[in-house]
Amino acid sequence: MGKMATKMEHLRLNFLLLSLALLTAVPTQAQIPGLKSYRLLRDGNRALKEAQPMKADSAFSLYLKSDPNNPYAQMGLGNALYQQSKPDSARYWFEKAADSFNNPEHKSIAHHNLGNTFMKSEKWADAAQQYKQALKLQPDSEKSRYNLQYALKKLKLQQQHLS
């Protein structure tokens, strides 16, 4: 039994050492691939809610360096730029998001936001076109319907002044 006990003790020691090695090899949260990137999305969204568009701009821009085709980050950056009164730059990111989203509701929101950038630039016909596209994708959107009516009214006034 002496040999058997020694062998069992040796196996226990190896198991203990292997377990210890595995425990120290488990990555911490900061090392999990992609986790830092998702934190950037969360930080960007939080900054938007707290009306800190420059902070949001930075977070979404950093995220897009690692995942340039993520429509949520594209939309977030568009929102950050829009809040900074940069409608032309925001428009670029909203267009990318509209092209990238597969979900009709999200795609509709991207088109609505595109319409808002055109409204801010007083490009009424372009704004109306985007709101129409948003309504095709999400017919129950009262915001898009209201903004479409407003854009059409402004377009009509613009055309009357040109006549």
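What you are looking at is a predicted structure, and each value in this text was computed from that prediction instead of being measured.

Trainee: Describe the overall build of the protein chain, listing the residues and the values that go with them.
Mentor: Each helix and strand in the protein chain was counted, giving eight helices and zero strands. Each helix and strand of the protein chain, ordered N terminal to C terminal, gives the series α-α-α-α-α-α-α-α. Among the 163 residues that make up the protein chain, the fraction classed as buried is 34%. Partitioning the contacts of the protein chain with sequence separation of at least 6, the portion at a separation of at least 24 is 44%. Within the structure as shown, the protein chain displays about 11000 Å² of accessible surface, and the carbon and sulfur contribution to it stands at 57%.

Trainee: Summarise the confidence of the model for the protein chain; cite the residues concerned and give the values.
Mentor: Chain-level statistics for the protein chain give a pLDDT mean of 84 and a share of 77% at 70 or above. Highest mean pLDDT in the protein chain belongs to helix α7 (residues 124–137) (98); lowest belongs to helix α1 (residues 2–25) (49). Counting interchain partners and residues more than four positions distant, the pLDDT-below-50 stretch residues 13–35 has two contacts.

Definitions and limits used
- Every chain's residues receive numbers from 1 upward, in the order its sequence appears when written.
- Residue-level local features of this predicted model are given only where pLDDT is at least 70; pairs of side-chain atoms are given and counted only at 80 or more, and the full residue set underlies all totals for whole chains, interfaces and linings.
- To obtain the side-chain values, all non-hydrogen atoms of the structure were included, while hydrogens and water were left out.
- The numbering of helices and of strands both runs from the N terminus, where a helix is a DSSP run of H or I of at least 4 residues and a strand a run of E of at least 2.
- Burial classes follow relative accessibility: with a 1.4 Å probe on protein chains only, a residue under 20% of its type's maximum area counts as buried, one over 50% as exposed, and anything between as partly exposed.
- The contact criterion used throughout is that any non-hydrogen atoms of two residues lie within 4.5 Å.
- Using the Shrake-Rupley algorithm and a 1.4 Å probe, accessible areas are obtained, with residue cover drawn only from the displayed protein chains.
- Confidence of the predictor at the level of single residues is captured by pLDDT, which takes values from 0 to 100.

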